[in-house]
Each structure stands twice: as C-alpha cells, then as structure tokens.
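Topology and contacts: notes
Okay, here's what each chain looks like letter by letter:
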Amino acid sequence: ERMKFHINSAIASHEVRFGCRPGGMWPAEGAVSQSSLLLLAQHGMAWAATGEGVLVNSLRQSHGYVPDKTEYMYRPYRVHDATSQIHCFFRDDRLSDLIGFEYAKWYGRDAVANFINELEAIYHRTDPAVEPVVSVILDGENAWEYYPYNGYYFLSELYEALTEHPHIHLTTFSEYLAQSPDSDVPPIRVEALPQVVAGSWVYGNLSTWIGDRDKNRAWDLLCAAKQSYDLVMASERLSLQDRAAASRQLADCESSDWFWWFGDYNPSHSVAMFDTLFRANLKNLYQHLQLPVPIALEHPISHGGASVAEAGGTMRRGS
C-alpha cells in the first residue's frame with residue numbers, strides 16, 4: 001500500500017514537471033526486489049535500473065554460479081510473472097564509481113581518455129553479434145562538487161568524445177527499448193531473470209538502510225508511528241483534509257535518506273542534522289494524527305562517528 005502511494009506520487013510529479021508519464025524508474029540507490037519490480041510493471045513502467053551486485057546475487061541464486069562479466073553484464077533482463085513484465089538494467093559499478101570517486105582527482109582530458117578506453121575494451125570483449133549496453137548511473141548532483149569547476153571541463157570533453165566516437169552511441173533506456181527492428185543498431189538481446197535477489201547498488205544488499213543498531217532503532221520508531229497512523233485512519237475521526245496531511249507527512253517520514261545517514265560511518269555533524277530532522281518529521285506526524293508525541297522522540301537516534309567520510313558521506317561505492 002505504501003509503495004503504491006510513493007509510485008503514484010512519483011508518476012504524478014513527473015507528469016507535472018515534464019508533461020508525460022515516466023517510462024521507467026530508478027529507485028533510491030537502485031534498491032529493488034522481485035515484488036517491487038513487478039509492482040512497478042503494474043504501474044506501467046517499462047524499465048527499472050539497479051546495481052551490478054543485484055544481478056550477480058540473482059544469477060548466483062538462479063544458476064548456481066556467475067559467468068564472466070562480459071557474458072552476463074551488458075544487456076537488459078526481463079523480470080516477469082503471469083501478468084506483468086519489466087526490463088531491468090544493471091549499472092556497471094566500476095565505470096560509475098570511476099566518475100563518482102576517482103576522475104575528480106585526474107586531469108579532465110586524461111579521465112575522458114581513460115573512460116573511452118574502458119568502453120572500447122568492453123566493446124571488444126563482448127559478443128560482436130550483439131551490441132553491449134553499458135549502464136553508467138550515479139547520483140546526478142553529488143559528484144560534481146569534487147571536480148574542478150563542478151565538472152564543467154570533464155563533462156564537456158566527455159560528451160564531445162562520446163558523440164564523435166564511431167562505435168559508442170548515447171541513449172536512454174526508453175529509447176533503447178523502443179528502437180525499431182530495422183534500426184542500424186544490432187538486435188536487442190534480452191534474457192529472462194527467474195528471480196531478483198533484493199538489494200541495491202551499494203554492496204548489492206540493503207545494509208545502507210537496515211541492520212545497523214541505529215538504523216534499526218529508526219525503523220522501530222517509524223513502525224510505531226505507522227501503527228498509530230493505521231489506528232487513527234481506521235477510526236475515521238480525522239477530516240479528509242487532516243487525513244491527506246497525515247498521509248503526506250508519513251510519506252516524508254518514509255524517505256530513504258533518513259536511514260542512509262544513521263550509523264557510525266558517517267560524520268557526526270551530518271548525522272546530527274538528519275537525526276533531528278527525522279525526529280521532527282515523526283513528531284509532526286503524531287501532531288497531524290492528533291496524538292501525543294512519544295517521549296522517545298526527544299532523544300537522538302544516532303551520533304555518527306566517522307571524522308571524514310569519502311565524498312562527505314553523500315555517495316557510496318558500488319562495492
């Protein structure tokens with residue numbers, strides 16, 4: 001129920017801003033599961049994207065082994081059941097992390113040349129009968145503050161080199177799936193993936209949100225608030241306006257970023273800000289529900305601990 005709320009909200013937001021429905025979705029940090037992907041399919045999404053580790057774990061579970069990367073990585077996979085299907089793309093962690101964490105330390109031209117060489121190597125190592133699809137995905141805003149001039153020179157030279165390259169074609173997932181059969185591009189190679197193991201781009205699992213003591217404590221507080229929300233909603237004692245406000249407030253409390261930041265591997269000052277804001281949002285939810293605010297929300301959940309986190313903690317590597 002809550003996932004449907006967030007999917008519908010995302011679709012409505014996209015329609016307002018771009019005048020059309022989205023063709024697919026990239027969940028937070030590519031966090032997916034079999035059931036969540038099929039739910040996206042039921043909402044009309046043609047594709048979803050996630051991390052390389054999710055594919056590796058899924059292949060290991062379904063096949064019992066993982067073949068060479070060039071044999072499994074560079075293509076979309078179809079996830080389906082009896083009534084729905086969706087195409088899933090998996091990001092190349094190495095290339096994505098080079099842009100996210102390494103190239104900012106290089107001269108822009110050298111970084112671009114290295115990236116092109118990496119793509120050419122993939123092209124020559126894969127089956128020549130099927131053009132490889134290389135998915136490079138990272139946070140759209142966080143990497144560039146670490147580059148000289150916010151990545152202006154790197155990005156300008158990168159896109160120029162990519163567009164002029166004879167074998168590299170820039171595309172989107174929607175454009176790739178919609179290409180016509182008589183296109184100059186070799187045929188789409190799609191394989192069925194029997195079962196998707198739940199995970200994200202970060203280490204191929206969900207540990208960036210749950211498992212740590214502080215993260216689990218935050219989930220306990222959210223679950224308690226959700227139980228109160230359910231009871232109040234069932235009582236029908238709130239007005240329609242108050243019910244809508246409480247629903248929106250609950251959605252704010254469910255943001256993935258709260259749980260991302262809790263834990264001892266992030267800087268204390270950043271954790272403190274997110275901790276305060278998370279508890280403030282939960283307090284607001286209780287107020288919308290016209291319930292007393294639990295005393296537990298007066299106490300910090302997490303204190304952090306790392307003096308310095310890579311990229312300030314705003315990004316994580318794929319592995």
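Structural notes, computed from the coordinates. In this text, all values refer to a predicted model and were calculated from it rather than measured experimentally. (Residues numbered from 1 in each chain as written. Predicted model: local features only at pLDDT ≥ 70, side-chain atom pairs only at ≥ 80, totals over all residues. Heavy atoms only, no water.)

If you look at the biggest cluster of nonpolar residues, it comprises 43 residues, and the most contacted ones within it are Leu37 and Phe154. Mapped onto this core, the elements with two or more residues apiece are helix H1 (2-18), helix H2 (34-42), helix H3 (52-63), strand S3 (77-80), strand S4 (85-90), helix H5 (93-102), helix H6 (108-125) and helix H7 (152-164). In terms of residue count, the dominant contributor to this core is H6 (6 residues). If we skip the residues at most four places from it in the chain, Phe154 touches Ile99, Tyr103, Gly108, Ala111, Val112, Trp144 and Tyr147. (Core = buried A, V, L, I, M, F, W, Y, C linked by side-chain atoms within 4.5 Å. Buried < 20%, exposed > 50% of the residue type's maximum accessible area, 1.4 Å probe, protein only. Helix = DSSP H or I, 4+ residues; strand = E, 2+ residues; numbered from the N terminus. Contact = heavy atoms within 4.5 Å.)

Here the focus is the packing of aromatic side chains. Taken as a whole and judged by the stated rule, the model has 19 aromatic pairs. When the ring of Tyr103 is compared with that of Phe115, the centres are 6.4 Å apart and the planes differ by 80°; the resulting orientation is edge-to-face. Within this pair, whereas Tyr103 is found in the loop between H5 and H6, its partner Phe115 is found in helix H6, the two being separated by 12 residues in sequence. Assessed through its relative accessible area of 1%, Tyr103 is described here as buried. Clustering of aromatic rings is evident, with ring pairs tying together Trp219, Trp258, Phe259, Trp261, Phe262, Phe274 and Phe278. Across the ring face of Phe5, the terminal group of Arg2 is positioned such that the distance to the ring centre comes to 4.6 Å. (Phe/Tyr/Trp six-rings, centres within 6.5 Å; stacked < 30°, edge-to-face > 60°. Lys NZ or Arg CZ within 6 Å of the ring centre and 35° of its normal.)

So, about the layout of surface pockets. Computed from the structure, the largest pocket encloses a volume of approximately 1,600 Å³. Along its surface, the largest pocket is lined by 45 residues, and Pro27, Ala28, Ala31, Glu254 and Ser256 are the ones closest to its centre. Where the lining of the largest pocket is concerned, the elements lending two or more residues are H1, strand S1 (24-25), H2, helix H9 (213-235), helix H11 (256-261) and helix H12 (268-288). When residues of the lining of the largest pocket are assigned to their parent elements, the largest contribution, 9 residues, is made by H1. Taken together, 41 residues line the second largest pocket, and the ones lying closest to its centre are Val134, Val136, His169, Leu170 and Thr171. For the lining of the second largest pocket, the elements supplying multiple residues, two or more each, are S1, H6, H7 and helix H8 (173-178). In terms of residue class, the lining of the second largest pocket is made up of 27 nonpolar, 10 polar and 4 charged. (1 Å grid on protein atoms, 1.4 Å probe; cavity = no way out; pocket = protein on both sides within 12 Å on 5 of 7 lines; lining within 4 Å. Points joined across faces, edges and corners; volume = space filled by probe spheres on them. Nonpolar A, V, L, I, M, F, W, Y, C, P; charged D, E, K, R; others polar.)

Here we come to the sheet that holds S3. Pairing is mixed across the open sheet formed by 5 strands, whose spatial order is S1-S2-S4-S3-S5. Of all the strands in the sheet, just S1 and strand S5 (191-192) have a single pairing partner and so form its edges. Pairing of S1 with strand S2 (residues 47-50), which is carried by 2 bridges, proceeds in the parallel orientation. Among the inter-strand pairings, Met25 is bridged to a residue of S2, identified as Ala48. Sheet contacts for H3: S2, S3 and S4; angle to S4, the most-contacted strand, approximately 115°. (Pairing = 2+ DSSP bridges. Axes fitted to C-alpha atoms, helices over the stretch in contact; angles between N-to-C directions.)

Below, the discussion takes up the packing of H1 against helix H10 (residues 240-253). Packed helices, taken two at a time, are described by the angle between their axes plus the distance between the axes. Running from N to C, H1 and H10 cross one another at 95°; their axes reach a closest spacing of 11 Å. Classified by the angle between their axes, H1 and H10 sit roughly perpendicular to one another. Contact with H1, carried on its side by Arg2, Phe5 and His6, involves Ser247, Leu250 and Ala251 of H10 and no other residues of that element. (Parallel < 35°, antiparallel > 145°, perpendicular 65-115°, else oblique.)

On to the pairing of S3, then. What you see with S3 is a clean split: Tyr77 and Val79 sit on the buried side and Arg78 and His80 on the side with no burial. Note that S3 and S4 share 4 bridges and pair antiparallel. Paired with His80 across the strands is Gln85, a residue of S4. Taking the residues that link successive antiparallel strands as the turn, the S3-S4 hairpin has 4 residues.

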